[in-house]
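As a plain string of letters, each chain reads:
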Amino acid sequence: MESRNGYRTIEVKPLSGVVGAEIFGADVASEVDDEQFSEIRDAFHAHGVIFFRDQDLTPEQHIAFARKWGDINVNRFFQPVDGYPLIAEVRKEPHHENNIGSGWHTDHSYDTVPALGSLLYARAVPETGGDTLFASMGAAFDALSEGMKNMLRGMSAVHSSRHVFGPGSYGADYAGRLGRQQAATQDAVHPVIIRHPDTGRECLYVNRDFTVRFDGWTGEESAPLLHFLYRHGARPEFTCRFRWRRGSLALWDNRATWHFAINDYPGQRRYMHRITIEGTPLGR
Ligand code: SIN
């Protein structure tokens, strides 16, 4: 096949100047050969989050594609899909008020070795609404002043799952969706600026949902700088917005992006299958 933007087996259409791209020409349900997989991985590293349209995936095919990226990391708080303990449900029924993931975050930053990324597959989507926003933490880092970059490079932050998934942290609306293994909450410390394990790019690695303070600082001391970084990371020029259709599949890089699931579809159903992939230790 003729080369398109340097890719031979796929077409890659960026969704914005800094983050997100749609991939065309790949059928992830079938055997993706080594050459095509290597091009998909290049696009993933170049854009932070990639999207495939009109994929017709069984849970087994979803699992098989996830395994090409690494071992599967089972989320211990989400309800699994019936008969498929490796797949987490991201579900909002018409009677639910709250969705899962409606705040800027990166999955599993509370783990000692945070996840590489997640593969989210749309099985039912609302007629309107339910989009997901993504933000590039490489672009957010690049736009900081040299003074701020240098200060943050020497700092670490504490991340926790206790206040989000621990006992008493959310109401009855989430019953049957979140809340498994509430005792399995934990804290972890990570550099505030990580060096991406695959691309070598420096990325901002704090997030509003799971970061609780800077290491060695009190929560009160940390709050003003953390809030600056949360506002900064969410600047529109670092983001893209993905409109889901049934059969859309997204793969985002938790080390390079934040994401935010918009809760703007009251009375409608949205039902997704999520598989999360194990990462590697994070360093500076
Ligand atoms: C998540 O935060 O994992 C869910 C994202 C989404 O539902 O769009």
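An account of the accompanying structure is given in this report. (Residues numbered from 1 in each chain as written. Predicted model: local features only at pLDDT ≥ 70, side-chain atom pairs only at ≥ 80, totals over all residues. Heavy atoms only, no water.)

Concerning the sheet that holds strand S9 (residues 156-160)
Pairing between the strands of a sheet is mediated by backbone hydrogen bonds and can be parallel or antiparallel. What counts is decided by this rule: Two strands pair under a simple rule: DSSP has to find at least two bridges between them. Secondary structure is summarised from DSSP: a helix means a run of H or I of at least four residues, a strand means a run of E of at least two, and numbering begins at the N terminus for each. Fitting a line to C-alpha atoms yields each axis, with helices limited to the stretch in contact; the angle taken between N-to-C directions then spans 0 to 180 degrees.
Strand order across the open sheet formed by three strands is S10-S9-S13, with antiparallel pairing between neighbours. Each edge of the open sheet is held by one strand with a lone partner, namely strand S10 (187-191) and strand S13 (211-214). Along the sheet, successive strands turn relative to each other by an average axial angle of 30 degrees, direction set aside. Relative to S13, S9 runs antiparallel, the two being bridged by three bridges. Bridged to His159 within S13 is Thr211.

Side note on the site of the ligand
Definition in use: The cutoff for a nearby residue is simple: one of its non-hydrogen atoms must lie within 4 Å of the molecule or strand. Any pair of N or O atoms that falls within 3.5 Å is considered a polar contact. Within protein, one atom must be able to donate a hydrogen and the other to accept it, and sequence-neighbouring residues count only if both atoms are side-chain atoms. Residues are grouped as follows: nonpolar covers Ala, Val, Leu, Ile, Met, Phe, Trp, Tyr, Cys and Pro; charged covers Asp, Glu, Lys and Arg; every other residue, Gly included, is treated as polar.
As a structural note, the neighbourhood of the ligand is formed by Val90, Gly101, His105, Asp107, Leu120, Thr132, Trp252, His259, Ala261, Arg270 and Arg274. Arg270 is positioned such that a nitrogen or oxygen atom in its side chain is 2.8 Å from an oxygen atom of the ligand. For the ligand, an oxygen atom lies 2.7 Å from a polar atom in the side chain of Arg274. In terms of residue class, the shell around the ligand is built from four nonpolar, four polar and three charged.

Considerations on the sheet that holds strand S16 (residues 257-261)
Read across the sheet, three strands follow the order S14-S8-S16 without closing on themselves; strand pairing throughout is antiparallel. The open sheet has two edge strands with one neighbour each: strand S14 (239-242) and S16. If you compare each strand with its neighbour and ignore which way they point, the axes differ by 20 degrees on average. In terms of strand pairing, strand S8 (residues 132-136) meets S14 through four bridges, oriented antiparallel. The residue bridging Thr132 from the neighbouring strand is Phe242, located in S14.

What to know about the packing of helix H4 (residues 146-153) against helix H6 (residues 219-233)
This is how the line gets drawn: Oblique is the label for every angle not falling under 35 degrees (roughly parallel), over 145 degrees (roughly antiparallel), or within 65 to 115 degrees (roughly perpendicular). With the far helix as reference, a near helix turned anticlockwise by less than a right angle produces a left-handed crossing, and one turned clockwise produces a right-handed crossing. In this analysis, two residues are considered to be in contact whenever any of their non-hydrogen atoms come within 4.5 Å of each other.
Two elements in contact, H4 and H6, have axes separated by 14 Å at closest approach and are oriented at 120 degrees. The angle between the axes of H4 and H6 places the two elements in the oblique class. Where H4 crosses over H6, the two elements pack in a sense that is left-handed. Contact residues: Met148, Met151 and Leu152 in H4; Leu225, Phe228 and Leu229 in H6.

Some words on the packing of aromatic side chains
Quick note on the threshold: Working definition: rings of Phe, Tyr and Trp (its six-membered ring) pair if their centres are within 6.5 Å, and the pair is stacked with planes under 30 degrees apart, edge-to-face with planes over 60 apart, and tilted otherwise. Remark: exposure states derive from per-residue accessible area (1.4 Å probe, protein chains only) relative to the maximum for the residue type, with buried under 20%, exposed over 50%, and partly exposed in between. Any Lys NZ or Arg CZ that is within 6 Å of a ring centre and within 35 degrees of that ring's normal is treated as a charge sitting over the ring.
Applying the stated rule across the entire model yields 19 aromatic pairs. An angle of 85 degrees between the planes, with centres 6.5 Å apart, marks the rings of Phe37 and Phe65 as edge-to-face. Here Phe65 lies in helix H2 (residues 59-67) and Phe37 lies in helix H1 (residues 34-47), a separation of 28 residues in the sequence. Across the pair, exposure class does not vary: Phe37 and Phe65 are buried alike. The interplanar angle of 50 degrees and the centroid separation of 5.7 Å between the aromatic rings of Phe134 and Trp252 together place this pair among those described as tilted. Note that Phe134 is positioned in strand S8 and Trp252 in strand S15 (residues 249-253), a separation of 118 residues in sequence. In terms of burial, Phe134 and Trp252 fall into one category: buried. Sitting above the plane of the Phe24 ring, Lys13 keeps its charged end 5.1 Å from the centroid.

Some remarks on the nonpolar core
Cut-off, in case you're wondering: Buried residues of nine kinds, namely Ala, Val, Leu, Ile, Met, Phe, Trp, Tyr and Cys, make up a nonpolar core once their side-chain atoms join them within 4.5 Å.
If you look at the biggest cluster of nonpolar residues, it comprises 31 residues, and the most contacted ones within it are Phe52, Phe65 and Trp69. For this core, the elements supplying multiple residues, two or more each, are strand S2 (21-24), H1, strand S3 (49-52), H2, strand S7 (117-124), S15 and strand S17 (270-277). At four residues, the largest contribution of residues to this core is made by H1. The residues touching Phe65, leaving out its near neighbours within four places in the chain, are Val28, Val32, Phe37, Phe52, Leu119 and Leu249. Core analysis: the next-biggest nonpolar cluster, separate from the first, contains 29 residues, Leu133, Met155, Ala157 and Leu225 among them.

Some details on the pairing of S9
Across the five residues of S9, five count as buried, placing the element largely inside the fold. Alternating residues of S9 divide into Ser156, Val158 and Ser160 and Ala157 and His159, and every residue in both groups is buried. As judged from the five bridges shared by S9 and S10, these two strands associate in the antiparallel manner. Looking at the pairing, His159 lines up with Ala188 of S10.

Things to note about the pairing of S3
What counts is decided by this rule: Viewed with both strands pointing away, a crossover whose connecting path from the first strand over the helix to the second turns clockwise is right-handed.
Side chains Val49 and Phe51 of S3 all project onto a buried face; the interleaved residues Ile50 and Phe52 project onto the opposite face, where all are buried too. Of the pairings in the sheet, the one linking S2 to S3 comprises three bridges and is parallel in character. Looking at S3, one finds that Ile23 is bridged to Phe52. Viewed along the sheet, the connection from S2 through H1 into S3 turns out right-handed. In terms of strand pairing, S3 meets S15 through four bridges, oriented antiparallel. Across the sheet, residue Val49 finds its bridge partner in S15, namely Trp252.

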